[in-house]
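Overview (structure and organization)
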Amino acid sequence: MTSFKFLSCFKCLAVAAGVAAVTGVGFLYSGLYPMGADDHHNDLTYWALETLRERSIARASNDIEVPTDLNSSERLLAGGADYNDMCTGCHLKPGKTESDFTLGLYPAPPNLTLTGDRHGHKHAGDTDNDDEAIKRQFWIIKHGIKASGMPAWGPGHDDQRIWNMVAFLQRLPELSPQQYQILTARGADDAGHH
Amino acid sequence: MKRQSLSYFVALPALLLALSAQAHDPKEHMKEAQAPDCAAMKDMDHSKMDMKDPVMQAMMKKCMKAMHKDEEGSHEAHGDKGHTDHGNHDEKSDEKKPAKHQHKK
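Along every chain, residues carry numbers that run from 1 in the direction the sequence is written. For this description, chains carry letters from A and ligands carry numbers from 1, given in the order in which they are written. Restriction of local features to residues with pLDDT of at least 70 applies here, the model being predicted, together with a cutoff of 80 or more for giving and counting side-chain atom pairs; totals for whole chains, interfaces and linings are based on all residues.

Within an unreviewed UniProt entry, the label attached to chain B reads Pentapeptide MXKDX repeat protein, and the organism entered is Thalassolituus marinus.

Moving on to the overall build of chain A. Scanning chain A for helices and strands turns up 8 helices and 0 strands. Note on conventions: DSSP H or I runs of at least 4 residues are helices, E runs of at least 2 residues are strands, and numbering of each starts at the N terminus. The secondary structure elements of chain A, listed N-terminal to C-terminal, are α-α-α-α-α-α-α-α. Exposed residues have 12 or fewer other C-beta atoms within 10 Å of their own C-beta, buried residues have 20 or more, and residues in between are partly exposed; the C-beta atoms are placed from the backbone. Residue burial in chain A is summarised as follows: out of 194 residues, 31% are buried. This entry defines residue contacts through backbone-placed C-beta atoms, with two residues in contact when those atoms are within 7 Å. Long-range contacts, defined as pairs at least 24 residues apart, comprise 59% of the intrachain contacts of chain A with a sequence gap of at least 6.

This part is about the overall build of chain B. Counting its secondary structure elements, chain B contains 3 helices and 0 strands. For chain B, the succession of helices and strands along the chain, N to C, is α-α-α.

Turning our attention to the environment of Ala167(A). Residue and element names in this part refer to chain A. Inspection of the secondary structure puts Ala167 in helix 7 (residues 159-171). The class of Ala167 is buried, set by 27 C-beta atoms lying within 10 Å. Sequence separation of Ala167 and Gly18 is 149 residues, and the distance between their C-alpha atoms is 50 Å.

Residue and element names in this part refer to chain A. The step from Tyr106 to Pro107 runs through a cis peptide bond, and the omega angle for that step is 0 degrees. Here Pro107 lies in the loop between helix 5 (100-104) and helix 6 (130-143). For Leu92, which is not a glycine, the phi torsion comes out positive at approximately 65 degrees. Judged by C-beta crowding, with 22 C-beta atoms within 10 Å, Leu92 ranks as buried.

It is worth spelling out the nonpolar core at this point. Core analysis: the biggest nonpolar cluster contains 36 residues, and Val166(A) and Leu183(A) have the highest contact counts within it. Put simply, the parts of the chain that give this core at least two residues each are helix 3 (73-86), helix 6, helix 7 and helix 8 (177-184) of chain A together with helix 3 (54-104) of chain B. Residue contributions to this core peak at 7 residues, all from helix 7 of chain A. With residues near it in sequence (within four places) discarded, Val166(A) still touches Leu70(A), Ile134(A), Gln137(A), Phe138(A) and Ile141(A). Each nonpolar core consists of buried Ala, Val, Leu, Ile, Met, Phe, Trp, Tyr and Cys residues. Their C-beta atoms, within 7 Å, join them into a set.

This part is about helix 7 of chain A. Residue and element names in this part refer to chain A. Between the first and last residue of a helix there are one fewer steps than residues, each counted as 1.5 Å, and that sum is the expected span. A rise of 1.5 Å per residue sets the reference length of helix 7, with its 13 residues, at 18 Å; its end C-alpha atoms lie 19 Å apart and thus fit the reference within 8%. Most of helix 7 is tucked away, with 11 of its 13 residues classed as buried. Residues of helix 7 that are buried include every one of Arg161, Ile162, Trp163, Asn164, Met165, Val166, Ala167, Phe168, Leu169, Gln170 and Arg171, and no others.

All names here are of chain A. Helix 7 packs onto helix 6 with a crossing angle of 130 degrees between their chain directions and a minimal axis gap of 9 Å. Considered as vectors, helix 6 and helix 7 are oriented oblique to each other. Crossing hand, helix 6 versus helix 7: right-handed. Contacts from Ile134, Gln137, Phe138, Ile141 and Lys142 of helix 6 reach helix 7 at Ile162, Trp163, Met165, Val166 and Leu169. Classes in brief: Ala, Val, Leu, Ile, Met, Phe, Trp, Tyr, Cys and Pro nonpolar; Asp, Glu, Lys and Arg charged; the others, Gly included, polar. A per-class count over the contact of helix 6 with helix 7 returns 8 nonpolar, 1 polar and 1 charged. To define axes, lines are fitted to C-alpha atoms, for helices over the stretch in contact only, and angles between the resulting N-to-C directions are given on a 0 to 180 degree scale. Should an angle fall under 35 degrees it is taken as roughly parallel, and over 145 as roughly antiparallel, whereas 65 to 115 is taken as roughly perpendicular and any remaining angle as oblique. Should the near helix be turned counterclockwise from the far one by less than a right angle, the crossing is left-handed, whereas a clockwise turn marks it as right-handed.

What follows deals with the packing of helix 3 of chain A against helix 7 of chain A. Residues and elements named next belong to chain A. Orientation of helix 3 relative to helix 7, taken along the N-to-C sense of each, is 95 degrees, at an axis distance of 7 Å. Of the possible angle classes, the one that applies to helix 3 and helix 7 is roughly perpendicular. For the pair helix 3 and helix 7, contact is made by Arg75, Leu76, Ala78, Gly79, Gly80, Asp82 and Tyr83 and by Arg161, Trp163, Asn164, Met165, Ala167, Phe168 and Arg171, respectively. For the contact of helix 3 with helix 7, a count of residues per class yields 7 nonpolar, 3 polar and 4 charged.

Moving on, we come to the confidence of the model for chain B. Residue and element names in this part refer to chain B. Looking at chain B as a whole, the pLDDT averages 62, with 32% of positions reaching at least 70. Highest mean pLDDT in chain B belongs to helix 2 (residues 40-43) (79); lowest belongs to helix 1 (residues 2-20) (54). Across the predicted assembly, pTM comes out at 0.72 and ipTM at 0.76. You can read pLDDT as the predictor saying how much it trusts each residue, on a scale of 0 to 100.

All names here are of chain A. Tracing the backbone through its elements, the reader meets Asn62 in the loop between helix 2 (43-60) and helix 3. Among the residues examined, Asn62 registers 11 C-beta atoms within 10 Å and is labelled exposed. Separated by 82 residues in sequence, Asn62 and Gly144 have C-alpha atoms that sit 16 Å apart.

Shown next as structure tokens:
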């Protein structure tokens, strides 16, 4: 009798799972889900994707070792020039509050001239563990994030160069436009500090 | 087919970004390199500057070259001017000498 009930329940679950799978696949092929970047996800989808992203990055970046000389002037100079060349279009610079990319990309890229708790993203800068935020930044720069517009810079840049950018990011929120200009300018005979 | 279209939607923003930053080698950026605006340092509040701060050290390193270049430039300009004046002085002396010589005659 008990085994009959269990079998019946199992069948119910199997049927429910089958219906859910068919419905899901049917929804995928229906084309009903809006894919435009100007048509935002609903809260549930956004939460699911954000949780997926954050958990994945936290797990993947856990074993990264942070260099001890991250707060050196040499790293700031090298990372600043690269940041200015490669990142400002999306992540802005002091004195700038928006660009075509920040207006058009979804999810909007974080404004890295602001500290983590001010640019509306629950991550770098507002964590109790700075190392965690630093590892996270390194991992994201190196590997990028799928379907977000954030490319992986790892294939074209070695780890030291990426660490330089991470070093610069730690000080970026406190820089004035004048300080930023001096730190990031590549002078005529500046070979990029590499 | 739909799946392929979807992947284009996903890949396009990433591709645009990648294309806009093809020049990975810093030397590629040299063509449009801006010089550091070190004159702005004079307007900064020096009382708040901490020379132990890596940001300040980095700015100093960056501007050191530029400042040395300016100094060298001004020294050279001064040297050239001095040399020119000296030359003029010689010319004047030379001009005077013949006059004296003529006077003696």
